[in-house]
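Coordinate analysis (summary)
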Amino acid sequence: MTIERVIVVGAGQMGSGIAQVAAGAGLHVILNDIKPEFVEKGFTAIKKNLSRDVEKGRKSKEQMDEIISRITLSTDLTNARDVDFALEAVIENIEMKSDVFRKLDEITPPHAILASNTSSLPITEIAAVTKRPDKVIGMHFMNPVPVMQLIEVIRGLATTAETYKAVEDLSKRMGKTPVEVNDFPGFVSNRVLMPMINEAIYCIYEGVAAPEAVDEVMKLGMNHPMGPLTLADFIGLDTCLYIMEVLHDGLGDSKYRPCPLLRKYVKAGWLGRKSGRGFYIYE
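The rules behind the values
The written sequence of each chain sets the order in which its residues are numbered from 1. Residue-level local features of this predicted model are given only where pLDDT is at least 70; pairs of side-chain atoms are given and counted only at 80 or more, and the full residue set underlies all totals for whole chains, interfaces and linings. For the side-chain quantities, the full set of heavy atoms in the structure was used; hydrogens and water were omitted. Comment: elements are numbered from the N terminus, with helices defined as DSSP H or I runs of at least four residues and strands as E runs of at least two. The globule rule is 2.2 Å times the number of residues to the power 0.38, and the radius of gyration it is compared with is taken over C-alpha atoms. Under the scheme applied here, a residue whose accessible area is under 20% of the maximum for its type counts as buried, over 50% as exposed, and between as partly exposed, the area being computed with a 1.4 Å probe on protein chains only. Residues are treated as being in contact if the distance between any of their heavy atoms lies within 4.5 Å. The accessible surface values rely on the Shrake-Rupley method and a 1.4 Å probe; as for residues, cover is taken only from the protein chains in view. Positive charges come from Lys and Arg alone, negative charges from Asp and Glu alone, with His and the N- and C-terminal ends not counted. All charge positions are set by atom: Lys at NZ, Arg at CZ, Asp at CG, Glu at CD. By definition, disulfides here are pairs of cysteine sulfur atoms that lie within 2.5 Å. Salt bridges are defined by distance alone: a side-chain nitrogen of Lys or Arg within 4 Å of a carboxyl oxygen of Asp or Glu. Whether two strands pair depends on DSSP finding at least two bridges between them. When the strands point away from the viewer, a crossover counts as right-handed if the path from the first strand over the helix to the second runs clockwise.

Along the backbone of the protein there are 11 helices and eight strands. Over its C-alpha atoms the protein spans a radius of gyration of 19 Å, differing by no more than 12% from the 19 Å that the globule rule assigns to 283 residues. Along the first, second and third principal axes, the C-alpha atoms of the protein reach 55 × 45 × 35 Å. Across the 283 residues of the protein, 49% fall into the buried class. Restricting to contacts in the protein with at least 6 residues of sequence separation, those with at least 24 account for 66%. Carbon and sulfur atoms make up 55% of the accessible area of the protein, which amounts to about 13,600 Å² in all. Looking at charge distribution, the protein has the averaged site of its 33 positive side-chain charges lying 2 Å from that of its 37 negative ones.

Written out as structure tokens, the structure reads:
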């Protein structure tokens, strides 16, 4: 199957990054969101990223202009009627994602593959709301998308080998490394990462050390490029909490119980970088 026309639904940090790498791979991309200001904000982020590449000599101005010319902005989901591939990158909520998939299933042509950028939710459950579960797959990009190499490619129960191969080829065309993962809560990345972050938060909660000390230990002792609490602030503490809840509910093991301090910060609106305060304060 040849994929040339793509729609990315959700123009936030992940969606805009995916649109950028897809356009950079020569695909024609529709960047869609529910409000014009959301789409414009995502498009501005793409232009800013590409401008930085030009300044650093990684791309020419002509290459930047060519990539931008392949991106069309949209607030109308019916623009997906001619695509070969639709990728959903909305908030990590099963009801919202399922609603997007129901609509895409009705709008997109029968041959189109429907993919979710979910970081923890079951692909099989999302696929079940469509009439084409064989063409539904998970495609979990890492943040920031233009920089990170990995894509977790998650088969649902009904995903065919043909669908998987098409997504594997698409991932490689985008310059990424696809890794096949089965459909379990949190997949591999967040099943390993989030409990580590949660345990780091327990260290603060129990008074073991200050946030700076926990991060320094993991950076200097474990050679992590970023401490777990800095990373949690970058991801968003609300997202961390949601993924921990998915792991706890889906796997039923007390080791995935979210730290009470994480819940408290989220209730206080301390969500990390995006709110200006998390484990650290951001101007």
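Alright, that's what it looks like, and here's the rest.
Summed over all chains, the structure comprises zero disulfides. Just so you know, Cys203 is unpaired, no disulfide at all, and the nearest cysteine sulfur is the one on Cys259, 9.3 Å from it. Under the relative-accessibility criterion, Cys203 is labelled partly exposed at 23%.

With that settled, consider the pattern of salt bridges. Across all of its chains, the model carries 16 salt bridges by this definition. A salt bridge links Arg58 to Asp53; the shortest N-O distance between them is 2.9 Å. As a salt-bridge pair, Glu245 and Arg263 come within 2.8 Å of each other at their nearest N and O atoms. Of this pair, Glu245 sits in helix H10 (residues 237-251) while Arg263 sits in helix H11 (residues 260-267); the two residues are 18 residues apart in sequence, bridging distant segments of the chain. Its relative accessible area of 32% is what places Arg263 among the partly exposed residues. Here the residues in one salt-bridge network are Asp53, Arg58 and Lys59, joined through shared partners.

Turning our eyes to something else, we now look at the pairing of strand E5 (residues 113-116). The alternating pattern of E5 places Ile113 and Ala115 on one face and Leu114 and Ser116 on the opposite face, and all of these are buried. When strand E4 (residues 85-88) meets E5, the two strands line up parallel, connected through four bridges. Paired with Glu88 across the strands is Ser116, a residue of E5. The parallel pair E4 and E5, bridged by helix H4 (residues 94-107), forms a crossover whose chirality is right-handed. Bridge count for E5 against strand E6 (residues 136-141) is three bridges, and the pairing is parallel. Across the sheet, residue Ser116 finds its bridge partner in E6, namely Gly138.

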